[in-house]
Structures are given as C-alpha cells and as structure tokens.
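Below, each chain spelled out in residue letters.
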Amino acid sequence: MSDEDKEILKDRESKYGKRTEFFDTWGKMCVLMRLYAESSKRETIDEAHYHAMTMVLLKVLRSAFNPDLEDNYKDARNYITIAEDCNKDESS
C-alpha cells in the first residue's frame, strides 16, 4: 500500500470511524434492507434501485458518526433521487 493510500485511509477513519466497524455495520444494514425489500409484494427487486438505496444507507451511517460533514447529506439526497429515477425507469 502506498503512503498516499495510507494517508487517505487515515483521513477517512478520522471522518467516518474504523473502517472494519463501519463496513460491518453498513453490511448488516444492507442485509436487513434486502430482507425487508424481499418481503414486499413485488415480484423482483430492482437492483439499480436497491444499490442506490444502499448508498443512502452508507451516507446515513457516515452522518450518524460525523454529523458535521455536510457533503454526506447532499450525497444522500442525490442517491435518493437516483433511486427514484431507477424506480421510474423500471416502471416504464
């Protein structure tokens, strides 16, 4: 791993917490959302919509750890818009 990569990881950890804890938590949230989505009456899950929603969860989790980073809120709003667009595309 390069020194630059190490610095990036160190910076991200200061903003978002320990990466193993973060990704473990995010992974569990994604699994729960998947199970919940699968319990709906829809025949199939729109994968594009689902993955956009996982990114919303990622931004929500980052905001929970560090609520002062405004970029996470902007990103979350944009991922919601992407999810909505994916759903509209699927419905067409």
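Note: the structure precedes this text.
Residues numbered from 1 in each chain as written. Predicted model: local features only at pLDDT ≥ 70, side-chain atom pairs only at ≥ 80, totals over all residues. Heavy atoms only, no water.

1. A short note on the packing of aromatic side chains
Rules: Stacked, tilted and edge-to-face pairs are distinguished by plane angle, under 30 degrees for stacked and over 60 for edge-to-face with tilted covering the rest, among Phe, Tyr and Trp rings (Trp via its six-membered ring) whose centres lie within 6.5 Å. Each residue gets one of three labels from its accessible area relative to the maximum for its type: buried under 20%, exposed over 50%, partly exposed in between, using a 1.4 Å probe on protein chains only. Only runs of H or I of at least four residues qualify as helices and only runs of E of at least two qualify as strands under DSSP, and these elements are numbered from the N terminus. For a ring to carry a charge above it, either NZ of a lysine or CZ of an arginine must fall within 6 Å of the ring centroid while also lying within 35 degrees of the normal to the ring plane.
Evaluation of the coordinates by the stated rule reveals 2 aromatic pairs. Here the aromatic rings of Phe 22 and Phe 23 are separated by 4.9 Å at their centres, their planes lie at 90°, and the arrangement is edge-to-face. The exposure class assigned to Phe 23 is partly exposed, which follows from its relative accessible area of 44%. Considering the side-chain rings of Phe 23 and Trp 26, the 5.9 Å spacing of their centres and the 70° angle between planes classify their relative orientation as edge-to-face. Placement of the pair is Phe 23 and Trp 26 together in helix α2 (residues 19–38), with a separation of 3 residues, close to one helical turn. Taken together, the ring pairs in this structure connect Phe 22, Phe 23 and Trp 26 into an aromatic cluster. Here Arg 62 stacks its cationic end above the ring of Tyr 16, 3.8 Å away from the centre of that ring.

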